[in-house]
There are 2 protein chains.
Amino acid sequence: MIASPALQKLIDALRCLPGVGPKSAQRMTLHLLERDREGARVLSEALAEAVARIGHCRLCRNFTESDTCEICNDSRRERNLICVVETPADVLAVEQSASFRGLYFVLMGHLSPIDGIGPEDIGLETFRQRVIDEGIEEVILATNPTVEGEATAYYLTEMLHPIGVKVSRIAHGVPLGGELEYVDGSTLAHALAGRRPVE
Amino acid sequence: MIASPALQKLIDALRCLPGVGPKSAQRMTLHLLERDREGARVLSEALAEAVARIGHCRLCRNFTESDTCEICNDSRRERNLICVVETPADVLAVEQSASFRGLYFVLMGHLSPIDGIGPEDIGLETFRQRVIDEGIEEVILATNPTVEGEATAYYLTEMLHPIGVKVSRIAHGVPLGGELEYVDGSTLAHALAGRRPVE
């Protein structure tokens, strides 16, 4: 393809974004140059600032540009309840549900011996210490219902039970609005096993 | 949504990209921060460099960071044949077909009186002068087969005929690999009107 070096460099650089292939990258580049140079300038600055300033919260490991994040600093939240999730995206998802008022602990991954990711890589020792030090009453395990997520939840349960803290796992079952006909077998099995008496 | 200011700024900034909504922007932001900070840094620089350096070729109006673009500077190209297209993306599309060895003129738009875009906004006077000065032999009109593209092609034809240059329009018809059954009526009408004798 004939494109000037700076143009080609931008097309190549845009491919670092997930879901952006060569055609999309080309379309984005031409769109920015033709119609939104101001947007490109703002994006360039936002990227540089994010890379330079965003690190991890000392307490929950979520992304933040401060020492501790806004959720950990929020005095209105219940401080004896911690929800353990795999990624910052999971925190956003739970926050958007507006159904949880405690704190979080973000593993930034899950246990995966095959990839060499052990308990120390996802901060479990720090977490154990925090649960003890702060006298946490309940830990909600909200790791993904995948093999690795379940293994991580199991490891956490084994680690936390000796401390005497209450450990719970979020419910898995048929999603709201989902039709039974289209729900996979494993989910249905979970939904049946996790049934509750109707009062 | 609870996100640190720098994180939220990046999510908002990514939405200037075409086809990127709030969910994609969030996914891209978290992907970059979790897995590709180097990519984010490179992208930031590429954006800044592109915005600062890329302008328009003095001859063909295509994007370039020099005074004239690489195609206009290429001495191996036929210099008496010019293909008129609407956008830089069209130049890339024609180049990828590897079927044209002349030069280009990029309108950076099309005539659209309703949006206040007249002949001077798409550089037609400069183009007319260039055709006269350089003794161009043929101008190929490759504007889009839309109402505005056709109007622009018509205007160009009227403008160029008095000069005595040969003016042609790219063929419109059934695309290769397309099935007649699924081709729209206007395209079929074009294909029939533009039929050629089989030799």
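Treat the numbers as computed from the prediction; the structure is a model and nothing was measured. Within any chain, residue numbers begin from 1 and follow the written order of that chain's sequence. Chains carry letters from A onward and ligands carry numbers from 1 onward, assigned in written order. At least 70 in pLDDT is required for a residue's local features to be given in this predicted model, at least 80 for side-chain atom pairs to be given and counted, and no such filter applies to totals for whole chains, interfaces and linings, which use all residues. Computation of side-chain values covers all heavy atoms of the structure but excludes hydrogens and water.

## Details of the overall build of chain A
Of the regular secondary structure elements, chain A holds 8 helices and 6 strands. Referenced to the eigenvectors of the C-alpha coordinate spread, the extents of chain A come out at roughly 65 × 45 × 35 Å. Type-normalised accessible area, obtained with a 1.4 Å probe on protein chains alone, sets the label of each residue: buried when under 20%, exposed when over 50%, and partly exposed for intermediate values. Considering chain A as a whole, with its 199 residues, one finds that 42% of them fall into the buried category. Contacts are assigned to residue pairs that have any heavy atoms within 4.5 Å of one another. For chain A, the proportion of contacts with a sequence separation of at least 24, taken over those separated by at least 6, is 49%. Put simply, chain A shows about 10,700 Å² of open surface, and 54% of that area lies on carbon and sulfur atoms. For chain A, the distance from the average site of its 20 positive side-chain charges to the average site of its 29 negative ones is 5 Å. Going along the chain from the N terminus, every DSSP run of H or I of four or more residues is numbered as a helix, and every run of E of two or more is numbered as a strand. Values of accessible area rely on a 1.4 Å probe in the Shrake-Rupley scheme; residue burial ignores everything except the protein chains shown. Under the convention used here, Asp and Glu are negative, Lys and Arg are positive, and both His and the chain ends fall outside the count. Here the site of a charge means NZ on Lys, CZ on Arg, CG on Asp, or CD on Glu.

## So, the UniProt feature "zinc finger region: C4-type" (unreviewed entry) in chain A
UniProt feature "zinc finger region: C4-type" (unreviewed entry): in the numbering of this structure it lies at residues 57-72 of chain A. Annotated as 19% helix and 12% strand, the span residues 57-72 of chain A places its first and last C-alpha atoms 8 Å apart. UniProt positions are given in the numbering used here, feature names are shortened, and annotations may be inferred rather than shown by experiment.

## Examining unusual backbone geometry
All names here are of chain A. We note that Ala98 has phi near 50°; this positive angle belongs to a residue other than glycine. Even without being a glycine, Met108 presents a positive backbone phi close to 55°. The topology assignment puts Met108 in the loop between β4 (103-106) and α6 (124-133). Met108 sits in the partly exposed class, given a relative accessible area of 26%.

## Description of the relation of the copies chain A and chain B
What sets the superposition is a least-squares fit of C-alpha atoms, and only residues with pLDDT of at least 70 in both copies go into it. After a rotation of 180° and a shift along the axis of 0.0 Å, chain A superposes on chain B with an RMSD of 0.0 Å. With respect to symmetry, the two chain copies, as superposed, fit the operation of a two-fold axis. Taking C-alpha positions as the reference, the residue of chain A nearest the rotation axis is Ser44 of chain A, at 2.1 Å. With an isologous cut-off of 70% or more, the 100% of interface residues of chain A that recur at the interface of chain B puts this contact in the isologous class.

## Considerations on helix α5 (residues 88-97) of chain A
When α5 of chain A is considered as a whole, its buried residues turn out to be Pro88, Asp90, Val91, Leu92 and Glu95 of chain A. Those residues of α5 of chain A hidden inside the fold are in contact with β2 (63-64), α4 (70-73), β3 (81-85) and β4 of chain A together with α2 (22-35) of chain B. Directly beyond the C-terminal end of α5 of chain A, a positive phi value near 50° is found at Ala98 of chain A.

## Describing the interface of chain A and chain B
If you look at the interface, chain A gives 51 residues, while chain B gives 51 residues. Summed over both sides, the interface of chain A with chain B buries roughly 5,000 Å², with 72% coming from carbon and sulfur. A pairing counts as a salt bridge when a side-chain nitrogen of Lys or Arg comes within 4 Å of a carboxyl oxygen of Asp or Glu. Run the count over chain A and chain B and you get 2 salt bridges. For this analysis, a polar contact is any N or O atom pair within 3.5 Å, provided that within protein one partner can donate a hydrogen and the other can accept it, and provided that sequence-adjacent residues contribute only side-chain to side-chain pairs. Our enumeration of links across chain A and chain B arrives at 11 residue pairs in polar contact (both at pLDDT 80 or more). Residue assignment for the side of chain A that touches chain B shows that the elements contributing at least two residues are α1 (5-14), α2 (22-35), α3 (37-53), β2, α4 and α5 of chain A. The element best represented in the side of chain A that touches chain B is α3 of chain A, accounting for 13 residues. Gly falls in the polar group here, along with every residue not listed as nonpolar (Ala, Val, Leu, Ile, Met, Phe, Trp, Tyr, Cys, Pro) or charged (Asp, Glu, Lys, Arg). The class makeup of the residues in the side of chain A that touches chain B is 32 nonpolar, 8 polar and 11 charged. Buried area, as used here, totals the accessible surface that two parts lose on assembly, with accessibility defined by a 1.4 Å probe and the loss added over both.

## Looking at the pairing of β3 of chain A
Residues and elements named next belong to chain A. Along β3, 5 of the 5 residues are buried, which leaves the element largely enclosed by surrounding structure. Two strands qualify as a pair provided DSSP detects at least 2 bridges between them. Summarising the sheet, β3 and strand β5 (residues 138-141) pair through 4 bridges and their orientation is parallel. Note that in β5 the partner of Val84 across the bridge is Leu141. Pairing analysis gives 4 bridges linking β3 to β4, with the strands arranged parallel. Bridging from a neighbouring strand, Ile82 pairs with Leu103 of β4. Following the backbone out of β3, through α5 and into the adjacent parallel β4, one traces a crossover that is right-handed. Think of it like this: strands point away, you trace from the first strand over the helix to the second, and a clockwise trace means the crossover is right-handed.

## Observations regarding the sheet that holds strand β3 (residues 81-85) of chain B
Think of a sheet as strands paired side by side through backbone hydrogen bonds, with each pair either parallel or antiparallel. All names here are of chain B. Across the sheet, 4 strands lie side by side as β4-β3-β5-β6; this open sheet has parallel pairing. Strands at the two margins of the open sheet, each flanked by one partner only, are β4 (103-106) and β6 (166-169). With strand direction ignored, the average angle separating the axes of adjacent strands in the sheet is 25°. Taken strand by strand, helix α6 (residues 124-133) contacts β3, β4 and β5 (138-141), and its axis lies near 160° from that of β4. Note on geometry: axes are C-alpha line fits, over the in-contact stretch for helices, and angles between N-to-C directions span 0 to 180 degrees. Relative to β6, helix α7 (residues 147-160) is tilted by about 165°, and along the sheet it contacts β3, β5 and β6.

## Points about the sheet that holds β3 of chain A
All names here are of chain A. Pairing within the open sheet is parallel, and its 4 strands lie in the order β4-β3-β5-β6. Edge strands, defined here as strands with exactly one partner in the open sheet, are β4 and β6 (166-169). Averaged over all neighbouring strand pairs, the angle between strand axes comes to 25°, with direction disregarded. As paired strands, β5 and β6 are joined by 4 bridges and run parallel to one another. When the bridges of β6 are listed, Leu141 appears paired with Arg169. Against the sheet, α5 makes contact with β3 and β4, and its axis sits at roughly 155° relative to β4, the strand it touches most. Strands β3, β4 and β5 of the sheet are contacted by α6, whose axis makes an angle of about 160° with β4.

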